[in-house]
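Chain residues, written in single-letter form:
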Amino acid sequence: MQHALLVGGAMLIASLVGVGLGMLTYRHPFARDAVIRVTGLFLTVPSLALYAILVTTFGLGWQPVLFALTLYALLPIVRNTVTGLLGVDPAVVESAQGMGLGRTQRLFRIELPLAWPVILTGVRVSTMIIVGIAALGAIVNGPGLGDLIFDGLNRAGTAFALNFALAGFVGVIVLGAVLDGLFSLLSRLTTSRGIRD
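Along each chain, residues carry numbers from 1 onward, in the same order as the chain's sequence is written. Since the coordinates come from a predicted model, pLDDT governs what is reported: local features require at least 70, and pairs of side-chain atoms require 80 or more to be given and counted, while whole-chain, interface and lining totals use all residues. Side-chain numbers here rest on the full set of heavy atoms in the structure, without hydrogens or water.

## Quick word on the packing of helix 6 (residues 103–135) against helix 8 (residues 161–190)
Here is step 1: Angular values range over 0 to 180 degrees, each being the angle between N-to-C directions of two axes fitted as lines to C-alpha atoms, with helices fitted over their stretch in contact. A run of DSSP states H or I qualifies as a helix once it reaches four residues; a run of E qualifies as a strand once it reaches two. Both are numbered from the N-terminal end. Their axes nearest at 10 Å, the elements helix 6 and helix 8 cross at an angle of 170°. One element, helix 6, and the other, helix 8, form an angle in the roughly antiparallel class. Contacts from Trp116, Leu120, Val123, Arg124, Thr127, Met128, Val131, Gly132 and Ala135 of helix 6 reach helix 8 at Val172, Gly176, Leu179, Asp180, Phe183, Ser184, Leu186, Ser187 and Thr190.
Here is step 2: Amino acid classes used here: Ala, Val, Leu, Ile, Met, Phe, Trp, Tyr, Cys and Pro are nonpolar; Asp, Glu, Lys and Arg are charged; the rest, including Gly, are polar. Here the contact of helix 6 with helix 8 is built from residues that sort into 10 nonpolar, 6 polar and 2 charged. Working definition: roughly parallel below 35 degrees, roughly antiparallel above 145 degrees, roughly perpendicular at 65 to 115 degrees, and oblique for all remaining angles. Any two residues whose heavy atoms approach within 4.5 Å are treated as being in contact.

Below, the structure is given as structure tokens:
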């Protein structure tokens, strides 16, 4: 539950920030490319190094882990938001404009619903990425299944070392599979049949 809550909190923040950045920049090539490059750079930083850096600001515990996971989750969400919005048929947008819808109305009533499957895929990919990275948060006393994995490593050579490590390892895989299944269900429930088919 701690691992799931940590991932869920990071994904909530990253989704709000990532979709917001995508919406703000998708019409402006320079800003769009800059945001994608910066969020892409976050993924190049090794997680152990990032946790170590963030400890100096946040201290030990869940805060540095939550912040790091949020940074790692941004790129797929921003990129897919931009891709989804740019992929909306211009004829549909022009039709909405001809019906008198303003820019904001077109964005929220036409473009975002049509781009939703692509955006949701970005959120889904980000979630799968950070489920594993969250386990490494145990090195800075972060909560979650990483505790079991590191307990197993600390007990190397004892009878129960493998059991602890496998419990954490399998737990991460099961949680990832459950979350992936939930996203599949969410996609079916929130995507109109016309777009899905």
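## Examining helix 3 (residues 47–58)
Here is step 1: A helix is expected to span 1.5 Å multiplied by its residue count minus one. Spanning 12 residues, helix 3 covers 15 Å between terminal C-alpha atoms, matching the ideal 16 Å at 1.5 Å per step.
Here is step 2: Those residues of helix 3 not exposed but buried are Ser47, Leu50, Tyr51 and Leu54. Taken around the axis of helix 3, the buried residues stretch over an arc of 100°, which confines them to a single face. Opposite the packed face of helix 3, turned more than 90 degrees from it, sit the exposed residues Ile53 and Thr56.
Here is step 3: Buried residues along helix 3 sit in contact with helix 4 (62–86) and helix 6.
Here is step 4: Two residues or fewer after helix 3 comes glycine 59, characterised by a positive phi angle close to 80°. Categorising residues by exposure relies on relative accessible area from a 1.4 Å probe, with only protein chains included: less than 20% of the type maximum marks a residue as buried, more than 50% marks it as exposed, and the intermediate range marks it as partly exposed. It is the directions from the helix axis to the C-beta atoms that the arc portrays.

## Some details on the pattern of salt bridges
Here is step 1: The term salt bridge refers to a pairing of a side-chain nitrogen on Lys or Arg with a carboxyl oxygen on Asp or Glu at a separation within 4 Å. Going through the model one piece at a time under the given rule, you end up with 2 salt bridges.
Here is step 2: Between arginine 27 and glutamate 111 there is a salt bridge whose closest N-O contact spans 3.3 Å. A residue pair is termed long-range when its members are at least 10 positions apart, and arginine 27 in the loop between helix 1 (2–25) and helix 2 (29–44) and glutamate 111 in helix 6 qualify at 84 residues.
Here is step 3: With a shortest N-O distance of 2.8 Å, arginine 124 and aspartate 180 are connected by a salt bridge. On the criterion of sequence distance, the pair formed by arginine 124 in helix 6 and aspartate 180 in helix 8 is long-range, its members being 56 residues apart.
Here is step 4: With a relative accessible area of 26%, arginine 124 lands in the partly exposed category.
Here is step 5: Relative accessible area serves as the criterion here: at 27%, aspartate 180 is assigned to the partly exposed category.

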